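# Coordinate inspection notes
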Amino acid sequence: MFRRPAWQVLRQFVRHESDTVGSLVLERSMNRVQLLGRVGQDPIMRQVDGRNPVTIFSLATNEMWRTGESEVTQGGDISQKTTWHRISVFRPGLRDVTYQYVKKGARLYVEGKIDYGEYTDKNNVRRQATTIIADNVIFLSDGGMKEKM
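A separate point is a nonpolar patch on the surface. Residues L36, I138 and L140 make up a contiguous nonpolar surface patch of about 250 Å² in total accessible area. With respect to the helices, strands and loops of the structure, L36 is situated in strand β3 (residues 33-39).

What follows is the structure in structure tokens.
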């Protein structure tokens, strides 16, 4: 696979005068998310109102840092923050594979885009939801099952 130099990739996101139509400026933008973490629950598949089914699971990412006087040496305490992400997979082939093979505890790399939406819950209260729409899922482990040696 050939890779383009970074300047060629970034150039497509820069506004050009030739992209101007009257007072309307056409410029590209980017919405990309990359996550590396562990699955929090076995995936579920949902189909709402006869639309395409979706596979949904949660993914935990951890951020760790050392606190104390010297962050370089071994002194100080280690702090950790876990963030949970809701992952939705709509692509037919990827949706089915993730539903069948992703298990709680599996280590995954997920690429996609972030989506913000609203819904009304059972009590008729409007809620906001943040979801990662996965374009690519890479399996890095089998969910903690020991490998045969």
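All right, on to the nonpolar core then. Residues V39, L59, I87, L108 and V110 are the most contacted members of the largest nonpolar core, which totals 15 residues. Listing elements by their share of this core, those giving two or more residues are β3, β5 (54-67), β6 (77-89), β7 (107-120) and β8 (126-139). Setting aside anything within four residues of it in sequence, one finds I87 in contact with L35, T55, I56, F57, L59, V110, I132 and A134.

This next bit is on the environment of N31. By the secondary structure assignment, N31 is in the loop between β2 (24-25) and β3. The exposure class assigned to N31 is partly exposed, which follows from its relative accessible area of 36%. Residues N31 and K113, 82 residues apart in the sequence, show an inter-C-alpha distance of 5.4 Å. Not counting residues within four places of it along the chain, the set of residues in contact with N31 comprises G112, K113 and I114. Only 2.9 Å separates the side chain of N31 from the backbone oxygen of I114, close enough to count as a polar contact.

Turning our attention to unusual backbone geometry. At N124, a residue that is not glycine, the phi angle is positive and equals roughly 65°. The residue N124 is located in the loop between β7 and β8 in this model. For N124, a relative accessible area of 65% translates into the label exposed.

About the thresholds
- Residues numbered from 1 in each chain as written.
- Predicted model: local features only at pLDDT ≥ 70, side-chain atom pairs only at ≥ 80, totals over all residues.
- Heavy atoms only, no water.
- Patch = residues over 30% accessible without salt bridge, like charges linked within 9 Å, V, L, I, M, F, W, Y side chains within 5 Å.
- Areas by Shrake-Rupley, 256 points an atom, 1.4 Å probe, with all protein chains shown as cover.
- Salt bridge = Lys/Arg side-chain N within 4 Å of Asp/Glu carboxyl O.
- Helix = DSSP H or I, 4+ residues; strand = E, 2+ residues; numbered from the N terminus.
- Core = buried A, V, L, I, M, F, W, Y, C linked by side-chain atoms within 4.5 Å.
- Buried < 20%, exposed > 50% of the residue type's maximum accessible area, 1.4 Å probe, protein only.
- Contact = heavy atoms within 4.5 Å.
- Polar contact = N/O pair within 3.5 Å; in protein donor to acceptor, adjacent residues only side chain to side chain.

Honestly, it's all geometry; don't read function into it.
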